[in-house]
Amino acid sequence: MDNFLEVSNLSKAFPGFQLQNISFYLPKGYIMGLIGPNGSGKTTTIKLILNMLKRDGGEIKIMGLDNISDEKTVKASLGVVFDSNYLCEEWTVTQAEAAVSVFYKNWDKKKFSELIRRFHIAPEKKVKELSKGMQMKLMVACAFSYDAKLLILDEPTSGLDPVSRDELLKILSEYIEDGEHSVLFSTHITADLERAADYITYISYGKLFFTGNKDEFVDMFRIVKGGRNELTLDLSEKLIGIREFSTGFEALIKSEDIKMFSHLDVEPTTIDDIVVFTNQEGDHYE
Amino acid sequence: MKLIISNVSGIPIYEQIKQQVKSAILSGELQEEEALPSLRTLAKDLKISVLTVTRAYTELEQEGFVKNVQGRGCFVMGRGSELIREQLICKVESNLSEAINAAQIADLSLQELHHLLDILWEEKKNG
Amino acid sequence: MNDILKATRLDLALIKPYMKNICFTVAIPVAFAAINRSLITGVSFAMCFIAMTAGYTFSVSEKSGMDRLYGILPVSKTHLVLGRYLYTCSMGLLAFLFSMIVHPIVLKALGTAVWPADICLAAILGIFMFTLYTVFQLPGYYKFGSINGRIFMYIPIVGFLAILLFVSKLNLTSHPAIAALVGNPITAIIATLLVCMIAYLLSITVSIKIIRSKEV
């Protein structure tokens, strides 16, 4: 059971949108970033993993178990953080713990109170009185209190300030330190993943664009910059995406084509560059 | 041992770790048989990917600077500092031969080249 | 079974902040009973009012986006539905017991005689009406959500008015059917409970079917 999450050939059709043959796996002890622009199918994928949507085809295994036939067992060791609070707004933090904890056999009350103290969450406060960052951390505290082995985060950092985002990354780094926990982190703020993610799964327009080692992913591409007249026809055929402006151009190329561009400015890419250049209107890279 | 990561240097993070570990070995800050920080702890502390650190450590091992003991961690090899010295001497040789090439094109004599080296050496020494 | 109780507990936790309102709706019919000098009126109103609060759990959970919490808890959807029915029926039972104890005491204090036939009829009517009001409401909320499903909340009111009309047109004790029931209260109560149980079974089946095919 080296893979905590295995998704194979997952598909789901909606009117106007299709998730097609998504496959990826997340080994135990690592962080995977699930990336793609809004509407690319990240949340759909997560909801299919959680069986909140019914899949049309494919297979999902969590810690070796099917996510539907073993739903209860699977969910007992699964922690989830959504982009916004899922607890009753009128509850105090203490009441929220009381309501949720009964569902988990191994809920650790001591750990929960330690965590909320560490996160500076006042136990007597109502959920709705907490800031967005605090609500996110409260969901994290819940997941950690029953020692969830796989933590799934769906856009947890959207609408958070840089301090909270950094805190979350620190929490996640600590969480996987022992090698016994894994994280699936969906986000369109790729700066969050630039350093901490081990793996990347990139979905674009409902299709799998890439899945694998993050460093390799970033290394697959380069940014090339030059003047407009330096862009010859045979060079422009090699471009994956381009941004032209009055004094020059910036483009994304595959690292294997680097020799053809050696007379121009070639720089390493960021995940952000890759997502932006591969999602330009009317120019779908296959 | 000091290990810091720059986000703007353009050098890949695994390469930065390798370079810093190597210079720590050469300066004697890391002694023979001394353990490198644990892989996962270092990833946590620097908030970087575990796989990135794994790559740095694996390459250091392949190059013969450290050895990986299953379940115990990474340890500095005895020959580590020697190796680095060899590598550095290689680098000096290749850079010097490049300088000689340039000097020949510019029609500099060996004496003049020596003189230039002396000046640069002094300048570097005096900061 | 344990999972159903956990789900019921979760529902109780949901309505905890609104418990005062719910107690209020159960207390008000005491006044109706006193004004009308009628146990049947009081109990009917109490059961109608408590049935109208059945949508609270849906409204509260929808307001906080708790569908996602239900999606991640290690408990099956069937058990969540059963838990909610158990919660709804428990609230009904509490309101029923409260009304059946307090109303006769109040009426007696006011000098109105309460006959065993009244108690029997009030009990049957109360249980039957509560069932009628909830078996349509709950699947409605599951299907349409707490806002669009609110139309089902008015079923109790319509049903209540219809029954009042129906009851007032009959000369209660003299009608042969009622007389037969009053004459044999045990059969009457068993028959009522049986009808209610079948109604709940159907309602639960429909709700589970709805929730299983629902995607959030």
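Student: What is the right way to read the packing of helix α6 (residues 77–109) of chain C against helix α10 (residues 185–213) of chain C from this model?
Tutor: When two helices pack together, their arrangement is given by the angle between their axes and by how far apart the axes lie. All names here are of chain C. Where α6 contacts α10, the axes come no closer than 10 Å and their chain directions differ by 140°. Judged on the interaxial angle alone, α10 and α6 are oblique. Both α6 and α10 take part in a crossing whose hand is right-handed. Seen from α6, the contacting residues are K77, T78, V81, L82 and Y85; seen from α10, they are Y200, I204, S207, I208, I211 and R212. Within the contact of α6 with α10, the residues separate by chemical class into seven nonpolar, two polar and two charged.

Student: What's the story with the sheet that holds strand β11 (residues 221–226) of chain A in this structure? I'm lost.
Tutor: Hydrogen bonds along the backbone pair up the strands of a sheet, which may run parallel or antiparallel. Residues and elements named next belong to chain A. The strand order across the open sheet formed by four strands is β12-β13-β11-β14, and the pairing between neighbours is antiparallel. Strands with a single pairing partner mark the edges of an open sheet, and in this sheet they are β12 (241–245) and β14 (265–268). Across this sheet, the average inter-strand angle for adjacent strands is 20°, counted without regard to direction. Summarising the sheet, β11 and strand β13 (residues 248–254) pair through six bridges and their orientation is antiparallel. Bridging from a neighbouring strand, G226 pairs with F249 of β13. Running at roughly 100° to β13, helix α10 (residues 271–278) makes contact with β11, β12 and β13 of the sheet.

Student: Would you mind going over the interface of chain B and chain A with me for this structure?
Tutor: A common way to state how big an interface is: give the accessible area lost once the parts meet. Tallying the contact residues gives 13 residues for chain B and 15 residues for chain A. Secondary structure elements with two or more residues in the side of chain B that touches chain A: α2 (39–46) and α3 (50–62) of chain B. Grouping the amino acids of the side of chain B that touches chain A by side-chain chemistry returns five nonpolar, four polar and four charged.

Student: So what exactly am I meant to see when it comes to the environment of B:V53 here?
Tutor: All names here are of chain B. Mapped onto the elements of the fold, V53 is located in helix α3. Using a count of 26 C-beta atoms within 10 Å as the deciding quantity, one classes V53 as buried. When residues no more than four places from it in sequence are discounted, the contact partners of V53 are I17, L39, L42, A43 and I48.

Student: Would you take a moment to explain the packing of helix α3 (residues 39–52) of chain C against helix α7 (residues 116–148) of chain C for this structure?
Tutor: Residues and elements named next belong to chain C. Packing of α3 against α7 leaves a shortest axis separation of 9 Å and a crossing angle of 20°. Classified by the angle their axes make, α3 and α7 are roughly parallel. For the crossing formed where α3 meets α7, the hand is right-handed. Of the residues in α7, those touching α3 at L39, I40, V43, S44, M47, C48 and A51 are D118, I119, L121, A122, L125, G126, M129, F130, Y133 and T134.

Student: How should the domain arrangement of chain A be read in this particular structure?
Tutor: Residues and elements named next belong to chain A. In terms of domain boundaries, chain A breaks down into domain 1 (3–217) and domain 2 (221–278). Its C-alpha centre places domain 1 at a distance of 35 Å from the equivalent point of domain 2. Counting residues at the interface gives nine residues for domain 1, matched by five residues for domain 2. Contributing elements (two or more residues each) for the side of domain 1 that touches domain 2: α7 (191–196) and β9 (199–204). Sorting elements by how many residues they give to the side of domain 1 that touches domain 2 places α7 first, with three residues.

Student: It is not clear to me how the arrangement of the chains should be interpreted in this structure. Could you clarify?
Tutor: Contacts are most numerous between chains A and C, taken over all two pairs of chains that touch. Separated in space, chain B and chain C share no contact, their closest pair of C-alpha atoms being 28 Å apart.

Student: Looking at this model, I keep getting lost on α7(C). Mind explaining?
Tutor: The end-to-end C-alpha separation of α7(C) is 42 Å, well short of the 48 Å expected for 33 residues at 1.5 Å each. C:Y142 marks the point of greatest bend in α7(C), at about 90°.

Student: Could you clarify how one ought to interpret the pairing of strand β10 (residues 207–213) of chain A in this entry?
Tutor: Side chains on a regular strand alternate between the two faces of the sheet. Residues and elements named next belong to chain A. Inspection of the sheet shows β9 paired to β10 by six bridges, in the antiparallel sense. Within the sheet, the bridge partner assigned to Y202 lies in β10 and is F210. From the end of β9 to the start of β10, which pair antiparallel, there are two residues, and Y205 there has a positive phi angle of about 50°.

Student: Is there a simple way to think about the confidence of the model for chain C in this case?
Tutor: Any region with low pLDDT has predicted coordinates that should not be read closely. Residue and element names in this part refer to chain C. Residues of chain C with pLDDT of at least 70 account for 89%, and the chain-wide mean is 87. At the low end of the mean pLDDT range in chain C sits helix α9 (residues 176–183), at 66; at the high end sits α6, at 94. At the level of chain-chain contacts, confidence expressed as ipTM amounts to 0.87, with global pTM at 0.85.

Rules and cut-offs
- The residue numbers shown here count from 1 along each chain, following its written sequence.
- Lettering for chains starts from A, numbering for ligands starts from 1, and both go in the order in which the items are written.
- Under the rules for a predicted model, residues below a pLDDT of 70 receive no local features and side-chain atom pairs below 80 are neither given nor counted, while totals for whole chains, interfaces and linings still include all residues.
- To get an axis, fit a line to the C-alpha atoms, keeping to the stretch in contact for a helix; angles then go from 0 to 180 degrees between the N-to-C directions.
- Helical segments are the DSSP runs of H or I of at least four residues, strand segments are the runs of E of at least two, and each set is numbered from the N terminus.
- An angle counts as roughly parallel when it lies under 35 degrees, as roughly antiparallel when it exceeds 145, as roughly perpendicular when it falls between 65 and 115, and as oblique in every other case.
- By the definition used in this description, the sense in which the near helix is turned from the far one sets the handedness, with an anticlockwise turn below a right angle giving left-handed and a clockwise turn giving right-handed.
- Whether two residues are in contact depends on their C-beta atoms, placed from the backbone: they are in contact if these lie within 7 Å.
- Amino acids are sorted into nonpolar (Ala, Val, Leu, Ile, Met, Phe, Trp, Tyr, Cys and Pro), charged (Asp, Glu, Lys and Arg) and polar (every other residue, Gly among them).
- Only strands joined by at least two bridges in the DSSP assignment are considered to pair.
- A residue is called partly exposed when the number of other C-beta atoms within 10 Å of its own lies between 12 and 20, exposed at 12 or fewer, and buried at 20 or more, with C-beta atoms placed from the backbone.
- An automatic or database domain assignment provides the domain bounds reported here.
- Residue count minus one, scaled by 1.5 Å, sets the expected span of a helix.
- What the bend at a residue measures is the angle between two axes, fitted to the seven residues ending there and to the seven starting there.
- Per residue, pLDDT measures the predictor's confidence, with a range of 0 to 100.

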